[in-house]
2 protein chains.
Amino acid sequence: MASIHDVAKHAGVSVATVSKVINNYPDVSDKTRKKVNKAIDHLRYQPNVVARGLVKRRSWTVGVLLTVPFTNPFVSELLEGIKTALENSGYDLVRLSTRFDDPNYSFLKHCRSRNVDGVVVFGVDKDNRGVDELIHSDLPTMFVDTDQVGKRAGYITTDNHNAIRMAVSHLSELGHRKIAYISGTLGPSMANLRLEGYRAGIRESGLEYNPSYMEVCDYSFDGGSQAARKLLELPNPPTGIICASDMSAFGAIQEIERHGLSVPEDISVIGFDNTYYAQVFKPGLTTVNQNIFNIGVRSIEFLIAMVENAEYSPPVIMEPSHLVIRHTTAKVQTV
Amino acid sequence: MASIHDVAKHAGVSVATVSKVINNYPDVSDKTRKKVNKAIDHLRYQPNVVARGLVKRRSWTVGVLLTVPFTNPFVSELLEGIKTALENSGYDLVRLSTRFDDPNYSFLKHCRSRNVDGVVVFGVDKDNRGVDELIHSDLPTMFVDTDQVGKRAGYITTDNHNAIRMAVSHLSELGHRKIAYISGTLGPSMANLRLEGYRAGIRESGLEYNPSYMEVCDYSFDGGSQAARKLLELPNPPTGIICASDMSAFGAIQEIERHGLSVPEDISVIGFDNTYYAQVFKPGLTTVNQNIFNIGVRSIEFLIAMVENAEYSPPVIMEPSHLVIRHTTAKVQTV
DNA sequence: CTGAAAGCGCTTACAG
DNA sequence: CTGAAAGCGCTTACAG
């Protein structure tokens, strides 16, 4: 690859001048500018962004820190949003290969070493020591679904609380009084907020919270099946089930059908996420739309705002969600 | 962040010496080594890999070039394999933001500019001019499913031809004589090879190729539905349908059921990919397992082999596939 | 065993 | 308007 020196020599100017035309400085004569551009074209020169980054202390690179596999539908949609926001911005995305087996491994050091301009973090526990390091550093950071903020660290999430409240309210309006909730693993604020939303919804519908109507699973298909089984075996099973993910809703539906019952005639089911499969499979799943793509896009917008403005502190961002009503919820059966 | 200079000063040695201990050169006295390591720990120093890359002309970075969204199940599984192979290798993954709207955009220049050590390419047409540039360059490249090779460019794919042959053979052994194929968009070698495999399988089963049993769709759920509808409306509809993706198989199954027929009692259906959903949904889908994860892993292995050995030319790699028999195929109904 | 110097490919005051 | 020089954070012959 041709370097800036080659261009300078070919154009008969100094490297400083070449640098100036590359960076569109105004103080270059038209004549020189043309000479240089011609040399650039001729040599098919492309500036080395790594070298530029060394002096500018920038890399035009955004890091992502993920502990969840790419095959996770949330992750892939988040990345799709991130990618879309990055396209044509001059930034590339770098996935940081975490090395948790190394006790000295540090997110922050890794980011520094790669010189990334900012980082978006997803799927990391808030008590991970790396998170702490990040929020106290000046490295622009966006946490997705991890409830942490700092002067240079933002937090973006779906309005989980409201989302589940709306789901309860929907069932309640359909006449359901026995509404169960299959939560995801508790601990992460995301899961906790959803559970609170469920309890708030129950309260607002004038119902009473019944602990046996609350199950926990790991968001998976099988987890949803197992939790549903427990609910169905209750002496007084629910007529409506809200699940914390589409996958667990699919699992619950299968279990319900295995028990000889049908959805939504006997039992209404609501999912969470509105993944591709929720719309594609029949009957279409009633589910909470989480605008994951948009979360990806906005996390980049805030990240870049921080990168380009050293004083900027991002707000906490709560992306709205809404219920997508399809065909797995119906009026409660009148007995 | 502390730099190598800070460490040198703190340890009372030269930067050259610090560099030597960082890189485990043997010609450093134990005493000095200890002093330096102490300084490194004290300053929480981490070498800047970007600066190192500038002089070594390496970046310990692997690029990926994708035209297909992250949400595509093939892509996410491929990336998962790539990521796994990269973990603990010291390499990070960088997604190159393509800028196709810029007529001067060049894959190769982008890679050079980012200084990536190699690149894996997926979902790019073989007649894309960027592909040509890549195979004629010395940049280590692995093409996934794009039939292109070069001195420093490898090609890895699933054994598509055989895969579909096996599918035909399976149906044939179950007594099916009317076997249809719903292809993906023709053009890419992947799709063409699968179609050839279908025709070969038909021939080997002693059947005759019937053009009306061959439909084309875009691999999607809806595409599968529509193609299945055409097949079902044939005067002499097939009893077995092989699809070029799991999604189109799901679509076909739904269409079959909408026609009041059932799978596998009336019609057997085979998918392609063995995605997560193929095993999770009931009835489990009989499908061709494509080891996408492994394709990701191996593409990295060959890429790194090239990076570390300037003379290495990778072979063409055909990953084996096999049929996973679940519950959507059965003996043909005897009339 | 140790370190001064040159260099990787750039940018940026600064002098002219 | 142009360019020489210093510097970003490293590595690597090479001299001692």
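Use the structure listed above.
The structure contained in this document is the topic of the report that follows. Predicted, not measured: the structure shown is a model, and the values here were computed from it.

**Structural notes on the sheet that holds strand S5 (residues 153-158) of chain B**
Argument step 1. Spatially, twelve strands are ordered S11(A)-S5(A)-S4(A)-S3(A)-S1(A)-S2(A)-S2(B)-S1(B)-S3(B)-S4(B)-S5(B)-S11(B) in an open sheet, and the strand pairing comes out mixed. At either margin of the open sheet sits one strand with a lone partner, and together these are strand S11 (316-319) of chain A together with strand S11 (316-319) of chain B. Across the sheet, the mean angle from the axis of one strand to that of its neighbour is 20°, orientation sign disregarded.
Argument step 2. The pairing of strand S4 (residues 141-144) of chain A with strand S5 (residues 153-158) of chain A spans four bridges and is parallel. Within the sheet, the bridge partner assigned to Thr141 of chain A lies in S5 of chain A and is Ala153 of chain A.

**Observations concerning the interface of chain A and chain B**
Argument step 1. Taken residue by residue, the interface counts 53 residues in chain A and 53 residues in chain B.
Argument step 2. Both faces combined, the contact of chain A with chain B buries some 4,900 Å², and carbon together with sulfur accounts for 55% of it.
Argument step 3. With a closest N to O distance of 2.7 Å, Asp92 of chain A and Arg114 of chain B form a salt bridge.
Argument step 4. Linking chain A with chain B are 27 residue pairs in polar contact (both at pLDDT 80 or more), by the criterion used here.
Argument step 5. Looking at the side of chain A that touches chain B, the elements with two or more residues in it are helix H4 (49-56), helix H5 (73-86), strand S2 (92-95), helix H6 (107-114), helix H11 (246-258) and helix H12 (276-280) of chain A.
Argument step 6. With seven residues, the top contributor of residues to the side of chain A that touches chain B is H5 of chain A.
Argument step 7. Among the residues forming the side of chain A that touches chain B, the class breakdown is 25 nonpolar, 14 polar and 14 charged.
Argument step 8. Where S2 of chain A and strand S2 (residues 92-95) of chain B come together, three bridges link them in antiparallel fashion.

**Quick word on the relation of the copies chain A and chain B**
Argument step 1. In the superposition of chain A on chain B (RMSD 0.1 Å, axial shift 0.1 Å), the rotation amounts to 180°. These values place the two chain copies in the arrangement generated by a two-fold rotation axis. Across chain A, the rotation axis passes nearest the C-alpha of Val94 of chain A, at a separation of 2.1 Å.
Argument step 2. The fraction of interface residues of chain A whose copies in chain B are also interface residues reaches 100%, indicating that both copies meet through the same surface.

Rules behind the numbers
- Residues numbered from 1 in each chain as written.
- Chains lettered and ligands numbered in written order.
- Predicted model: local features only at pLDDT ≥ 70, side-chain atom pairs only at ≥ 80, totals over all residues.
- Heavy atoms only, no water.
- Pairing = 2+ DSSP bridges.
- Helix = DSSP H or I, 4+ residues; strand = E, 2+ residues; numbered from the N terminus.
- Axes fitted to C-alpha atoms, helices over the stretch in contact; angles between N-to-C directions.
- Contact = heavy atoms within 4.5 Å.
- Buried area = accessible area lost by both parts, 1.4 Å probe.
- Salt bridge = Lys/Arg side-chain N within 4 Å of Asp/Glu carboxyl O.
- Polar contact = N/O pair within 3.5 Å; in protein donor to acceptor, adjacent residues only side chain to side chain.
- Nonpolar A, V, L, I, M, F, W, Y, C, P; charged D, E, K, R; others polar.
- Least-squares fit on C-alpha atoms with pLDDT ≥ 70 in both.

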